[in-house]
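Letter by letter, the chains look like this.
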Amino acid sequence: MNKPVIAIGLDAADPALLERWMAQGHLKTMRRFKEGGAYGRLKTFDFYRAETPWTTFLTGCSPNTTGYWSPIKYHGHNYTVEEIEAYKFDEYRPFYALAGNRRVAVVDVPQAPVLEGINGVQVSAWGAHSPQTPSESSPEELFQELVARHGEHPLLRNDEANILDLPDLQRLQKGMETGIARRAKICRDLLDRERWDLFLTVFGEAHVVGHYCWHMMHPSDHPLYKQMGAQYSGDMMLEVFEAMDRAIAEILEKAPEDAYVMLFSAHGMGANIMDIPSMILLPEFLFRLNFPGKMGLAPGKVGSPLKPSITGRHPRKEGWASALWNTKYEPNPLKSFLRQNLPSRYFNRIEPLFGNSSEPGPMSPFELFHQGQPQCFQPAVWYKHLWPQMKAFAIPTFSEGYIRINLQGREPSGIVAPSEYNSLCDEIIEKLYRLRDARTGKPMVKGVLRTRKAAADQDPKLPDADIVVTWQEECVTDTVDSPDVGRIGPVPYTRTGSHRADGFLAIQGPGVASGTKLPDGHSLDLAPTILSLMNVAIPPHFEGKPLAQAPSMAPLL
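Everything numeric here is computed off the predicted structure, so don't read it as measured data.

When you look at the packing of aromatic side chains in this model, what are you seeing that I'm missing?
Working definition: an aromatic ring pair is given by the centre-to-centre distance plus the angle between the planes. One pass over the structure, following the stated rule, counts 19 aromatic pairs. Ring geometry for Phe 287 against Phe 291: centres 5.3 Å apart, planes inclined by 40°, an arrangement best described as tilted. Its relative accessible area of 13% is what places Phe 291 among the buried residues. Site record: aromatic cluster; members linked through ring pairs are Trp 54, Phe 57, Phe 95, Tyr 96 and Phe 264. Sitting over the ring of Tyr 39, Lys 34 keeps its end group 5.1 Å from the ring centre. Its end group placed over the ring of Phe 203, Arg 183 keeps NZ or CZ at 5.4 Å from the ring centre.

Help me out: how do you make sense of the layout of surface pockets in this one?
In this approach the atoms are scanned with a rolling probe the size of a water molecule, which exposes any empty space left behind. The space that makes up the second largest pocket amounts to roughly 820 Å³. Ranked by residues supplied to the lining of the second largest pocket, first place goes to helix 14 (residues 365-371) with 3 residues. Split by residue class, the lining of the second largest pocket holds 10 nonpolar, 11 polar and 7 charged.

How do you make sense of helix 1 (residues 15-23) when you look at a structure like this?
Every α-helix carries 3.6 residues per turn, so stepping three or four residues along brings you back to the same face. Of the positions making up helix 1, those classed as buried are Pro 15, Leu 17, Leu 18, Trp 21 and Met 22. Seen from one end, helix 1 has its buried residues packed into an arc of 160°, which puts them on one side. In this fold, the buried residues of helix 1 make contact with strand 1 (5-10), helix 2 (28-36), strand 2 (38-43), helix 9 (236-252) and strand 20 (502-508). Just past helix 1, the residue Gly 25 takes up positive phi, approximately 95°.

Just to check I follow, could you spell out the sheet that holds strand 14 (residues 436-437) for this structure?
Sheet strands associate in pairs through backbone hydrogen bonding, adopting either a parallel or an antiparallel arrangement. Across the sheet, which stays open at both edges, the 4 strands sit in the order 11-18-17-14 with antiparallel pairing between neighbours. Lying at the two open borders of the sheet, with one neighbouring strand each, are strand 11 (299-300) and strand 14. Pairing analysis gives 2 bridges linking strand 14 to strand 17 (residues 480-482), with the strands arranged antiparallel. In the strand pairing of strand 17, Arg 436 is matched with Asp 481. Relative to the sheet, helix 10 (residues 275-290) contacts strand 11, strand 17 and strand 18 (486-488), its axis offset from that of strand 18 by approximately 150°.

Whenever I open this one, the sheet that holds strand 15 (residues 445-450) confuses me. Can you help?
Strand order in the open sheet formed by 4 strands is 12-13-16-15, with antiparallel pairing between adjacent strands. For this open sheet the edge positions go to strand 12 (392-394) and strand 15, each flanked by a neighbour on one side alone. Mean inter-strand twist for the sheet, computed between neighbouring axes without regard to direction, equals 25°. Inspection of the sheet shows strand 13 (residues 401-405) paired to strand 16 (residues 467-471) by 3 bridges, in the antiparallel sense. Bridging across to strand 16, Tyr 402 finds its partner in Val 468. Contacts between helix 10 and the sheet are confined to strand 12, strand 13 and strand 16, with strand 12 contributing the most and set at about 160° to the helix.

Conventions used here
Residues numbered from 1 in each chain as written. Predicted model: local features only at pLDDT ≥ 70, side-chain atom pairs only at ≥ 80, totals over all residues. Heavy atoms only, no water. Phe/Tyr/Trp six-rings, centres within 6.5 Å; stacked < 30°, edge-to-face > 60°. Buried < 20%, exposed > 50% of the residue type's maximum accessible area, 1.4 Å probe, protein only. Lys NZ or Arg CZ within 6 Å of the ring centre and 35° of its normal. 1 Å grid on protein atoms, 1.4 Å probe; cavity = no way out; pocket = protein on both sides within 12 Å on 5 of 7 lines; lining within 4 Å. Points joined across faces, edges and corners; volume = space filled by probe spheres on them. Helix = DSSP H or I, 4+ residues; strand = E, 2+ residues; numbered from the N terminus. Nonpolar A, V, L, I, M, F, W, Y, C, P; charged D, E, K, R; others polar. Arc of directions from axis to C-beta. Contact = heavy atoms within 4.5 Å. Pairing = 2+ DSSP bridges. Axes fitted to C-alpha atoms, helices over the stretch in contact; angles between N-to-C directions.

Written out as C-alpha cells, the structure reads:
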C-alpha cells in the first residue's frame, strides 16, 4: 500500500538562518525534522531566483523549458509591460496532475491556479504571498466553506508594511501570526476529511517576514537594524518563524502515522542587496548612459563627501516611491529644496508654478498611477516614455537587474542595428563592472548573463531581458559610484530582505534513518522527489532527480 506524503513549504525560508536558530534551541519541530530524519541543502537558479522558483517546483522544469521568467511581461512591439501573473500550465502540468488516480490536496501554493483534471481538492490564493492567481477552489464551494469556518487571511494581497514604522510592522506581524494559525486549522480540517496520497501546502508568511522584518532580527546585518531593531525588545523574525513551527506541529498531529513528511524551501532570503540596485540604480545608470550629462534621480558627485543614508522619510501615508521621487534631480535650487522638504501632497500642488521642463527625465509615479500604468511604483517604469530614445533600458523586476536592448527590427523604434548588438552589450557590461558601492568601494556586480548569443535569437521562450545582472551579496547598498555616469544616491531603503539561491529539504517517514544526509540538490529535484515517495513514475521531461525514494529512502546519488 502506498504511503501518504505530507509536503509543507516555507516560502523563501533561508536554511542558514533556520539552522542557526535550531542550534540555539529554537524551532523545535523543524529541529526534530533536521535531526531525526533526512536533511539536505538545495540551490535554485542564480538568475531570476525571485520569480521562477515556484513554477520550477510545480513543473519540474527550468524557465528555459517553460518560457516563464516573471509575472511581469515586457512587450517589445510597443514598449509596454503587462502583469501576466502565474504560468498557465498549458504545456507543462503541475507534478501532482501527473499522479494518475492518486488523491491530492493542494492548499494555498503560490502561483498554483485551480486547474481541471486534478484528482482531489485545490485551494488557491487563500493567503499565499504574491499568489498570482484568483482566490478560488475546486470544488468551487470549498473556498467559502473554509473561510466561513476558519476565517480569511488578514494580509491577502496586502502583506507589506513601512519598514521605518514600528506600529505598522507590528500590525504586519499580528496579521502573519493570525494567518499562520488559521492556515493550521484549515490544513487540520482537510487532513481530517480524507487520507490523501499527497497533501501540499506552503507558509507564505516566511516570505513576507523576510522581506519586511529582516532589519528587526537580533542581530541583523541590515543598516536599519541600529535604528529600528533597538525599538523592539523581541525578535520579530524569530517570533513569526516560531509561530510557523508551532503550526507545523499542529498540522502534523493529523498526519497518518505511516506518512512521509517533507519540509522544504525552494529558495532563501538575506539582507536586501537586490531591490535598490535592480529597481533604482540600474534604470538611472542606463538613463544617464543614454543621455550624457543628464541626471534623473539621486544626483551626486564621485569623490564628494557621502551623504547619510535616508532613514527619516517615507512615512506610511507617503510611502517609499514618494520618498524616492523626492530625490529627483532639480536644477532649480528652490524647487529642489521644496521637493526634498515638503510632503508630496503639498509639493505636487505648487510644482506647476515652476513650469514644465523640456529636459529628459523620469516621469512621476503619481502621474503614471493616474494613467493606469501597470507597475507604476517600479522606478524602471518612470523612464518608460524615454525607452524608444534609449539604446538600452532597464525593465521592471522583483529580482536581478534586467536590461533590454532597443533593437532595430524588434522594437518599433529600435535604434541599435543588429550588427552593433554584441558590441553594445559588451560596452554596457564593461561599464557595469566598474560600478562600486560608494560606502565600501566594493564592486557592485557579481555576475552577468547574456541571454542571447546574437541579435537574431528570437526564441519566444527566451527572457525579455538581453542582459541579466546579479549583484554582490556582502552588504546593502544605497549609493553607487560610476566613472561613467557619476554618483547615484543615497536612495531610500526598500524591503529589508531579498532573495538568495539557497533552499533546503527535510524528510521523515518509514525507513528514514535519523541523521541521513541527503545529497546536495536543486529546486528542480523537489517535484521528482515527491513523486518518487508517492511511487509515481517520473516524467521524462523533468530536469531534476529524486533525492530520496520509497520505501528504503536510500539517497539516489
